[in-house]
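The residues making up each chain are set out below.
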Amino acid sequence: MNPSWFGAGPVSRAGVLVRLGAIGAVMLSVAGAFAYTGGWLSPARLTQDGMMAAFQDVDGIHAGFRRNHAKGMCVTGWFESSGQAAALSKAAVFRAGRVPVVGRFALAGGMPFQADAPAKVRSMALRFLLPGGEEWRTGMNNIPVFPVNSARASYEQLLASSPDPATGKPDPEKMKAFFAAHPEAEQALVLIKKRQITSGFANSTFNGLNAFRFVDAAGAPTSVRWSMVPVQPSAAESAEPSAAGDKNYLFDALIAQIAQHPQQWRLMVTIGEADDPTNDATLPWPADRRQIDAGTVTIDHASSEDGGPCTAVNYDPLVLPSGIEPSDDPLLSARSAAYARSFTLRAGEEGEKLPSAVTPQEVEAGGNS
Ligand code: HEM
């Protein structure tokens, strides 16, 4: 081996220049890679920071809060598997038995102090703690489809709905242009507006919306979507003044219901057929698809998210156990990237955070499940 490679031999002036040139080239390419990753070389490219700025333009900056689904509270309980999904997925969560869950109920939007109202999108997020340190995290909304099918469309929708400085309201022309460019969003919104709105969180159905793949012990995949269907009886939303008078009426009702009795949802898994779209969350699957009752989630404890068990959780939809895999839906990686940036921002702002709007004292369910 040539000892001069280790700097031990004499080096000519030309050799020094060549080496310095090589070091410079490496440094330039590293700087270039950072610039590319940061989006500085392609300002039109959508970045995590660009997405966060769009949320902040619409809803303002609220230090320490989630950039979306900002108003919420933590819950805990468990999932009891029925064993029925075990034939389709080898995930340990589907074997007969119980695993603990850490969840969060929230309202969509980046405003942590918004008043509860019937039409606001409600969400349930769950983190299943599996044996051996595995986890399954999922976030679900009470709408039948998602309004957009790509990160770019989500960004454009935020830009179109950000308030016009002159009026303080979104510019209707911008919204019109958005829907003209995204007919899929217009169609999805028709379905979203038609949904049955129930009286509260406890009797809402929460849908995962994105498709995933269950993988069985032999490696065979099945396309699925999932929903949490309430065991609590349905009741239609009433537009009574009591609802309008209490800014937190949806959360307060849920806290009272949990204090009275554990609240339960069935995990219904819908099995996709060959032509069902897995890469487009704006499109529903036909209503007659086979469903499996995979088990029951029981929520028996509620607490404020200030110091609560869900606060430091990023409900990233790509945190999946062996036996559940992502589909080809591009929203999944977009969500993962956006949630990670939102998490980093809010964790760094912890010291500046105002108390959350919903601050139940630790609430433990009475009664039996
Ligand atoms: C490109 C599309 C989307 C973007 C940019 C986006 C963005 C976000 C962000 C920034 C958060 C806050 C994350 C945190 O700080 O922990 C969030 C929360 C949430 N998102 Fe999305 N989201 C998208 C699509 C979806 C879809 C398709 C669903 C399907 C149900 C969904 C359901 C939820 C839920 C349930 C939460 C609340 C999680 C919690 O309580 O912590 N999102 N979203």
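This structure is a prediction, so every number in the text was calculated from the model and none was measured. (Residues numbered from 1 in each chain as written. Predicted model: local features only at pLDDT ≥ 70, side-chain atom pairs only at ≥ 80, totals over all residues. Heavy atoms only, no water.)

Put simply, the ideal angle at a metal is 109.5 degrees for four donors in tetrahedral geometry and 90 or 180 degrees for six donors in octahedral geometry. Exactly one protein atom donates to the iron atom of the ligand; that atom is Tyr-339 (OH), 2.1 Å from the metal. For Tyr-339, the position within the fold is in helix α8 (residues 330-348). (Donors = N, O, S within 2.8 Å, 3.2 Å for Na, K, Ca; no water. Helix = DSSP H or I, 4+ residues; strand = E, 2+ residues; numbered from the N terminus.)

Taken together, the neighbourhood of the ligand is formed by 25 residues, with Arg-66, Arg-104, Tyr-339, Ser-342 and Arg-346 sitting nearest. Between the ligand and Arg-335 there is a distance of 3.4 Å, counted from a nitrogen atom to a side-chain nitrogen or oxygen. In the model, a nitrogen atom of the ligand is placed 2.6 Å from a nitrogen or oxygen of the Tyr-339 side chain. The element that contributes the greatest number of residues to the shell around the ligand is α8, accounting for 7 residues. (Near = heavy atom within 4 Å. Polar contact = N/O pair within 3.5 Å; in protein donor to acceptor, adjacent residues only side chain to side chain.)

Summed over the entire model, instances satisfying the criterion amount to 1 disulfide. In this model, Cys-74 is linked to Cys-310 through a disulfide, with the two sulfur atoms separated by 2.0 Å. In this structure the cystine formed by Cys-74 and Cys-310 twists about its S-S bond by roughly -75 degrees; its chirality is therefore left-handed. In this pair, Cys-74 is assigned in strand β1 (residues 71-81) and Cys-310 in the loop between β9 (291-303) and β10 (324-326), connecting sequence segments 236 residues apart. Considered together, Cys-74 and Cys-310 belong to a single accessibility category, that of buried residues. (Disulfide = S-S within 2.5 Å. Buried < 20%, exposed > 50% of the residue type's maximum accessible area, 1.4 Å probe, protein only.)

Moving on to the pattern of salt bridges. Per the counting criterion, the structure on display carries 16 salt bridges. Among the ionic pairs, Glu-237 bridges to Arg-122, the shortest N-O distance being 3.3 Å. Residue Glu-237 is located in the loop between β7 (221-230) and α6 (241-245), and its partner Arg-122 is located in strand β3 (residues 122-129); the two are separated by 115 residues in the primary sequence. What makes Arg-122 buried here is its relative accessible area of 0%. Here the salt bridges do not stand alone but share partners, grouping Glu-273, Asp-276, Asp-288 and Arg-289 into one network. (Salt bridge = Lys/Arg side-chain N within 4 Å of Asp/Glu carboxyl O.)

Below, the discussion takes up α8. One turn of the α-helix equals 3.6 residues, which is why residues spaced by three or four share an orientation. A rise of 1.5 Å per residue sets the reference length of α8, with its 19 residues, at 27 Å; its end C-alpha atoms lie 28 Å apart and thus fit the reference within 8%. When α8 is considered as a whole, its buried residues turn out to be Leu-331, Leu-332, Ala-334, Arg-335, Ser-336, Ala-338, Ser-342 and Arg-346. Its buried side turned inward, α8 meets α2 (48-59), β4 (135-141), α3 (151-161), β6 (212-215) and β10. Backbone nitrogen of Leu-331 and a side-chain oxygen of the N-cap are separated by 2.8 Å at the start of α8; the cap is Asp-329. (Expected span 1.5 Å × (residues − 1). Contact = heavy atoms within 4.5 Å.)

Let us now look at the packing of α2 against α8. At their nearest, the axes of α2 and α8 sit 9 Å apart, and the two run at 70 degrees to each other. Comparing the axis directions of α2 and α8 gives the class roughly perpendicular. Of the residues in α8, those in contact with Gln-48, Asp-49, Met-51, Met-52 and Gln-56 of α2 are Ala-337, Ala-338, Ala-340, Arg-341, Ser-342 and Leu-345. Residues that form the contact of α2 with α8 fall into these classes: 6 nonpolar, 3 polar and 2 charged. (Axes fitted to C-alpha atoms, helices over the stretch in contact; angles between N-to-C directions. Parallel < 35°, antiparallel > 145°, perpendicular 65-115°, else oblique. Nonpolar A, V, L, I, M, F, W, Y, C, P; charged D, E, K, R; others polar.)

Once that is clear, we can look at the layout of surface pockets. Its boundaries defined by the atoms lining it, the second largest pocket holds a volume of some 590 Å³. In terms of lining residues, the second largest pocket is bounded by 25 residues, among which Ile-143, Pro-144, Thr-205, Asn-207 and Ser-227 are the most central. With 3 residues, the top contributor of residues to the lining of the second largest pocket is β7. Looking at the lining of the second largest pocket, its residues break down into 11 nonpolar, 11 polar and 3 charged. (1 Å grid on protein atoms, 1.4 Å probe; cavity = no way out; pocket = protein on both sides within 12 Å on 5 of 7 lines; lining within 4 Å. Points joined across faces, edges and corners; volume = space filled by probe spheres on them.)

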